Amino acid sequence: MKSSVAMLARRRVLRGIVAGAAVNVGLPLFDCLLNDNGTAFAATGAPIPTRFATWFWGLGLGEADWRPKVAGRGFELPVQLQALKPFQDKLNLFSGGEVFLDGQANQTHFSGVQGFWTGKVTGAGDFFSSVDSAISGVIGKTTRFRSLEVACDGDPKASWSARADGKQPAEVSPAALYRTIFGPEYRDPNAAEFVPDPTVIARRSVLSGVKDQRLALAKGLGAADRAKLDNYFTSLRALEQRLEIQLQKPEPLLACTRPDAPPEEQNQAVSLATDAMKRHDLLVELLTHAMACDQTRVVNLSITQGMSGLRKEGDPINHHTLTHEEPIDPVLGYQVKCAWFQDQYMQGLATFAGMLDKVKEGDKSLLDRMILFAYTDHGAPRLHSLRNYPFITIGSGDGRLKTGMHIPRPGDVATRVPLTMQQAMGVPVSEFGTESNRVTSPIEEVLA
Amino acid sequence: MKFSQSALALAALGVVVLSSPVPSATDAVAAESGAATAPADPAVLLRLSPSQYRHSIHDIFGASIKITGRFEPETRSEGMLSVGARLASITDSGLQRYDELARGIAAQVVDERHRDLLIPCKPQSATGADAACARQFFARVGRMLYRRPLAAHELDGIVAAAGDATSVLKNFYGGLQLALTEMLISPEFLFRRFQMEPDPERPGQERLNAYGKAAELSFFLWNTTPDEALLRAAESGEIHTRAGLEKQVDRLMSSPAMEDGLRGFFADMLEFADFETVSKDPAFFPSYTLSAKLDSQEQTLRTIVDHVMVREGDYRDLFTTRHTFLTRSLAALYGVPLVDKTENGQPQRWLPYTYPEGDPHAGILTHASFLALHSPSGRSSPTDRGKALRELLMCQRVPPPPSNVDFSVVQDVNSEVHRTARDRLTAHATEATCAGCHRITDPIGLALENFDAAGGYRTHENGAPINPAGEINRVKFDDPIGLGQAIRNVPAITNCVARKAFAFGSGRMPVAANPEWKQISQAFADSNYNVLALLREIALSDLFYAPPAATTVASTSAR
């Protein structure tokens, strides 16, 4: 296998040539805008925000035993994660966690994520209130977008981010994502002048004018319909809040620059892994800018749904099918073709982390001020195992996590990692999950 | 979510095919008996589908209004998006999308190109509020958008809101635009509402109110919002009389807009919405271009409209018909010698085409819209195709594969021994746990193996000849033509289309045991499975407008 580091470097160089300013992510925040400690804005004393990103890849790390032998610091990254080598000091690798079915059927590529990301395995297709939405409910309330969801393979249903009303659809087009974030409604936080937009003022008055009669609609409706309307009103409040935010002068953020608009794509759907990862790189660049410009503090990316249909050019068989059908190489001890996909994905994660790390906000990088949380659908995909889930965090969440560690917890409940994430991001919860997946304490050794 | 991107990922679960989805007290049997005592849930909200939204906007404001932007993904339930519409709410990012659409539409309605046509009056001043003119505009547009007249307080509210916005913007049309945007994102527009009222003819019971009935009929037959004549029939109460309803049904069915209803229904039943995520590798399938992908859906819809509406043919013959329509792109994909004299550079034309006797193409199962949609991007999957045929067209449910299948038996995909899909599946099906389910999908799907993952014809796979013989319900056949003929005679095919047609209009599946449903099914059979006769029968039935029971709405969202 080629060195992933070398491949990453080559990819960067190529991208630099092909896509021009693709990895240009802004200037450092000027120290004069910050307080003496570099932790808050001098003008208002508001702390520099903490952010949270999730990054989902399908089909785990394959059939090999990828667990490092050493616990804690100084562990050796497994071959599947070599692309992350430049970030070893900033990351944690959690191994051994398990989702318990409590008698429910294992709905392949679904039940595991349902278990550790919503806390309960139901045996049905419901998926409500994911961990990232608990986090965006705390840190995402004051930005234009409470969170942004994207998927790289053209499938808007690939996102695992769910609020009380179910999954949020993912944006699949970089061009459309650009228009959403940096289109006409975007207000440059660094603009010299701030004049509230009269259209937004008028819009706000129209919304408040008709809101009361809308509430009367709920009369005579049954519980399910009332719940639907409640969800609608929650969404409407978010819309109003975006208008409010547009009327306030934003904090200057000199790490914020408006990126170039990506090209319109011809075809929404993508079937080659390399094409999906090109789109990934465009999407994470926009998400990085969106966080640097404080348009959102929570972003959620999925490369595909769990059952990845992506292929390598020239091979008719997709990644998911390969996980079941490809023999394990007796010498190397893993599935060689599947490893190619894992490497593609992990190079993408390294690209994302690299972009975030280049954005300097005072004494730290954007990456340092956030947690980038990577997760997958199966511990080992061939037999749809719910054991030994790999979870990866990069970044310390502004010092809330210790980093550089391998944390093996064989047989422990996988939900303990998401509980730890919630506590690190300031969600006031002391427990998470139901039945056998319920946990009441975090992984203390990583909490700073 | 497609459960099987692997042709081999399906295995048995004891039970074979379930006949039809289990009725979940959704039906009018429950509603009819329970309505007198427990009208606990008198209204139900169904989110408009993207096509219903588009048709509504074009019918209200004209086809020159561009609808740019995307919609929140739909939810499928019991095989139909129109049933899933009952479960759908509007998420934060969903509302953002509706908001973008609404702002784009409202801006066009008041722009200089459209305002004289769409706004029935001129304001006294372009820079100041004009409540009388705004009232005229919103009374008309509101009635169309909400599919009922606005209540006085609603009209007052929106006129006042437009006035407030006008005074901020110093622009009458700007104020109108913002208030219209508001209406376009209101739940009254985005959700269809079943509003019940006491039934004067059956004391103690409830019926769908007249405007609800008009909307149900219009979305069923035209896939759009009620037109002026339907709203008038609701206003006068005429729609509640048998003669009045018949008059409207016949009027709608004799209109060219009927084609929109048929297209909407079959696109939903055939899951064409899933084409959004279909992509094939040009290295393997150079003829599967973007236009071939789009045209393949149109090919099937044209074939259906021609067969059902123009020829008034037997529904079952859709699986054997040699008549279809092709473009140059599709001819290239299918390898058909199509003579198109259209100048190069001109848009491609649709040409009628009849396959000759002996050609392996016949019926909609041999269209790329079926073959390519139910194949992974790189190679075909008899299992996916067999499963799709059972679920989409026969309303059966194939159980998901168990999670712990051991694939060691077919590990080697480059095997010299197992070169075709049939070889690999046969090897896989020697596993006892797998055989049961594969038996109900693969013999159907294998008959379509002469068509590759993009729908192109082939006789060999990896150098080995393909054997397209198969079997359904113990009827054996030799090739895709034989499959079409066998499917044609399976009773589940006609039962399924009837059930799904009912669901397309009402958002719920009828229950087979309901006496009125039995009559409708019998009338469909008596008409020699004329789909128009079926739709008319449904549109005139009491069952179609019966109160939706509270239990209809499931509490979980579909994946």
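Predicted, not measured: the structure shown is a model, and the values here were computed from it.

Definitions and cut-offs
- Residues numbered from 1 in each chain as written.
- Chains lettered and ligands numbered in written order.
- Predicted model: local features only at pLDDT ≥ 70, side-chain atom pairs only at ≥ 80, totals over all residues.
- Helix = DSSP H or I, 4+ residues; strand = E, 2+ residues; numbered from the N terminus.
- Contact = placed C-beta atoms within 7 Å.
- Buried ≥ 20, exposed ≤ 12 C-beta atoms within 10 Å, placed from the backbone.
- Expected span 1.5 Å × (residues − 1).
- Pairing = 2+ DSSP bridges.
- pLDDT = per-residue confidence, 0-100.
- Core = buried A, V, L, I, M, F, W, Y, C linked by C-beta atoms within 7 Å.
- Domains from an automatic or database assignment.
- Axes fitted to C-alpha atoms, helices over the stretch in contact; angles between N-to-C directions.
- Parallel < 35°, antiparallel > 145°, perpendicular 65-115°, else oblique.
- Left-handed = near helix turned anticlockwise from the far one by under 90°.
- Nonpolar A, V, L, I, M, F, W, Y, C, P; charged D, E, K, R; others polar.

### Quick word on the overall build of chain B
Line of reasoning, step 1. Across its full length, chain B holds 23 helices and 10 strands.
Line of reasoning, step 2. Pairs at least 24 residues apart make up 72% of the contacts formed inside chain B by residues separated by at least 6 positions.

### What about the overall build of chain A?
Line of reasoning, step 1. For chain A, the count of helices and strands is 10 helices and 11 strands.
Line of reasoning, step 2. When burial is assessed residue by residue, chain A has 54% of its 448 residues classed as buried.
Line of reasoning, step 3. For chain A, restricting intrachain contacts to residue pairs at least 6 apart in sequence, the fraction spanning at least 24 positions comes to 73%.

### So, helix α6 (residues 223-247) of chain A
Line of reasoning, step 1. The end-to-end C-alpha distance of α6(A), which contains 25 residues, comes to 36 Å, matching closely the 36 Å that a straight helix rising 1.5 Å per residue would cover.
Line of reasoning, step 2. For α6(A), the full list of buried residues reads A:Asp225, A:Lys228, A:Asn231, A:Tyr232, A:Ser235 and A:Leu236.
Line of reasoning, step 3. Residues of α6(A) that are buried make contact with β1 (45-47), α4 (92-109) and α9 (187-190) of chain B.

### Observations regarding the pairing of strand β9 (residues 370-375) of chain A
Looking along a regular strand, one sees side chains alternate from face to face of the sheet.
Residues and elements named next belong to chain A.
Line of reasoning, step 1. Counting buried residues along β9, 6 of its 6 residues qualify, which places the element largely inside the surrounding structure.
Line of reasoning, step 2. What you see with β9 is no split at all: Met-370, Leu-372 and Ala-374 on one side and Ile-371, Phe-373 and Tyr-375 on the other are buried throughout.
Line of reasoning, step 3. In terms of strand pairing, β9 meets strand β10 (residues 389-394) through 3 bridges, oriented antiparallel. Pairing of Phe-373 across the sheet is with Thr-393, part of β10.

### Some remarks on the environment of A:Gln80
Line of reasoning, step 1. Among the structural elements, A:Gln80 can be located in the loop between β1 (51-56) and β2 (91-97).
Line of reasoning, step 2. Along the chain, A:Gln80 and A:Trp340 lie 260 residues apart, while their C-alpha atoms are 9.0 Å from each other.

### Examining the confidence of the model for chain B
Residue and element names in this part refer to chain B.
Line of reasoning, step 1. Averaged over every residue, the pLDDT of chain B is 86; the share at 70 or more is 87%.
Line of reasoning, step 2. Per-residue pLDDT stays below 50 along residues 1-43; that stretch engages in 120 contacts with residues further than four places along the chain or on separate chains.
Line of reasoning, step 3. The low-confidence segment residues 550-559 (pLDDT under 50) makes 32 contacts with residues lying over four places distant or belonging to another chain.
Line of reasoning, step 4. At the level of chain-chain contacts, confidence expressed as ipTM amounts to 0.85, with global pTM at 0.85.

### Brief notes about the nonpolar core
Line of reasoning, step 1. Formed by 239 residues in total, the largest nonpolar core has its most connected members in A:Leu349, A:Leu372, B:Ala179 and B:Ala214.
Line of reasoning, step 2. Looking at which domains feed residues into this core, each of domain 1 (4-191 + 255-446) and domain 2 (195-248) of chain A supplies at least three.
Line of reasoning, step 3. With sequence-adjacent residues up to four places away left out, B:Ala179 is seen in contact with A:Val206, B:Ile158, B:Ala161, B:Ala162 and B:Ala165.

### Focus on the packing of α4(B) against helix α8 (residues 172-184) of chain B
Residue and element names in this part refer to chain B.
Line of reasoning, step 1. In contact at an axis separation of 8 Å, α4 and α8 are set at 140 degrees when each is read in the N-to-C sense. As summarised for this structure, α4 and α8 are arranged oblique, according to the angle between their axes. Taken as a pair, α4 and α8 cross one another with a handedness that is right-handed. Here Ala-102, Arg-103, Ile-105, Ala-106, Ala-107 and Val-109 of α4 lie close against α8, whose contacting residues are Gln-177, Leu-180, Thr-181 and Leu-184.
Line of reasoning, step 2. Of the residues that constitute the contact of α4 with α8, the class distribution is 7 nonpolar, 2 polar and 1 charged.

### Overview of the sheet that holds strand β6 (residues 298-302) of chain A
Note: strands within a sheet are paired through backbone hydrogen bonds, in either parallel or antiparallel orientation.
All names here are of chain A.
Line of reasoning, step 1. Pairing is mixed in the open sheet, where 7 strands are placed in the order β3-β6-β1-β9-β10-β2-β11. Unpaired on one side and paired on the other, β3 (148-151) and β11 (405-408) mark the two borders of the sheet. Across the sheet, the mean angle separating the axes of adjacent strands is 15 degrees when strand polarity is ignored.
Line of reasoning, step 2. By the bridge criterion, 5 bridges tie β2 to β10 in an arrangement that is antiparallel. By the bridge assignment, Leu-91 is partnered in β10 with Ile-394.

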